[in-house]
Amino acid sequence: MGSDIHISLPAETLFQIGPLHVTNSALTMLIVMAGLVIFFAITMRKRQLVPTGAQNAAETIVEWLLTLVEGAAGKRVGRTIFPLVATLFIFIITANYAGLLPGVGTIGRWEDEGGQRVLVPFFRAPNADLNMTIAMALIAVVTVQVAGVRAHGVGGYLKELLTPIPLAPIHIIGEFSRLISLSARLFGNIFGGEVLVTVIYSLTKLVIPVIFIGLELLFGFIQALIFSLLTMSYIILAVAGHGGDEEHEERGAAHAVEGETGAHMPA
């Protein structure tokens with residue numbers, strides 16, 4: 001009876017808590033979230049005027065992201081949507097890199113499936129689960145729609161969406177396609193990388209070549225950046241004014257997104 005490393009499109013269930021199925025990707029996601037909360041809690045608790053160590057790393061990341069967002073959206077709007085964009089980027093890149101840690105995808109329990117012994121891993125990259133990427137894409141798309149409505153009102157939002165009438169179906173499909181685009185792109189790249197690394201390991205039974213780990217590090221960063229910046233771009237387009245001076249447009253956009261994100265930034 002043969003045995004091999006198991007490659008499964010859906011995340012595997014590890015155990016159940018009542019009707020709730022806890023999968024290996026969900027378990028890894030909880031560990032990543034806990035790690036991020038602990039890291040930033042410790043960093044912020046021991047803040048120093050001259051940052052060092054973990055505080056320096058955290059402030060460098062946040063400052064780089066803030067500069068990036070402000071450069072694209074302007075200072076006022078950029079600071080308003082920054083919490084959402086930064087949260088998405090930091091979570092996605094951490095989750096992507098967590099999938100490259102030793103033991104992720106290779107340590108688990110052996111189960112019989114169709115007369116063959118397969119390895120069901122205890123841990124799996126969170127973004128290699130389509131449910132995870134769809135959930136984040138839903139957050140992004142819903143935020144975009146609500147921000148657009150707050151910026152222009154229901155009437156103005158519908159007018160923009162349905163004008164001209166012959167192109168209204170295309171506009172509506174385009175809004176829904178963002179959900180598919182964001183979720184499928186991230187899932188496909190991370191799952192594909194996971195399969196590549198798993199296949200190489202199963203064929204060689206040796207340490208994964210450094211070149212593949214380097215590529216996965218690069219792709220993980222790129223995918224996190226693409227997802228967060230696309231979300232930012234969609235919000236900017238949704239709240240952009242259609243008339244008036246630039247300052248008025250920027251203030252209206254900032255006010256709309258403030259209501260959605262719950263953040264308030266001074267001018």
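Coordinates for the structure precede this section.
Computed from a prediction, not measured in an experiment: that's the story for all the values here.

> Explain the packing of helix 1 (residues 24-45) against helix 3 (residues 75-98) to me, using residue names and the numbers behind them.
Viewed as axis vectors pointing N to C, helix 1 and helix 3 meet at an angle of 120°, and their least axial separation amounts to 10 Å. In terms of orientation, helix 1 and helix 3 fall into the oblique class. The crossing of helix 1 and helix 3 is right-handed. Seen from helix 1, the contacting residues are M29, V32, M33, L36 and F40; seen from helix 3, they are I90, F91, T94, A95 and A98. Considered class by class, the residues forming the contact of helix 1 with helix 3 number nine nonpolar, one polar and no charged.

> Which residues make up the packing of helix 2 (residues 53-73) against helix 6 (residues 210-239), and what values do they have?
Helix 6 packs onto helix 2 with a crossing angle of 40° between their chain directions and a minimal axis gap of 11 Å. Helix 2 and helix 6 meet at a crossing whose hand is right-handed. For the pair helix 2 and helix 6, the contacting residues are W64, L68, V69, A72 and A73 in the first and F221, L225, L229, M232 and I236 in the second. Per-class residue counts for the contact of helix 2 with helix 6 are 10 nonpolar, no polar and no charged.

Rules behind the numbers
- Residues numbered from 1 in each chain as written.
- Predicted model: local features only at pLDDT ≥ 70, side-chain atom pairs only at ≥ 80, totals over all residues.
- Heavy atoms only, no water.
- Axes fitted to C-alpha atoms, helices over the stretch in contact; angles between N-to-C directions.
- Helix = DSSP H or I, 4+ residues; strand = E, 2+ residues; numbered from the N terminus.
- Parallel < 35°, antiparallel > 145°, perpendicular 65-115°, else oblique.
- Left-handed = near helix turned anticlockwise from the far one by under 90°.
- Contact = heavy atoms within 4.5 Å.
- Nonpolar A, V, L, I, M, F, W, Y, C, P; charged D, E, K, R; others polar.

Note that all results are geometric; they support no functional claim without further evidence.
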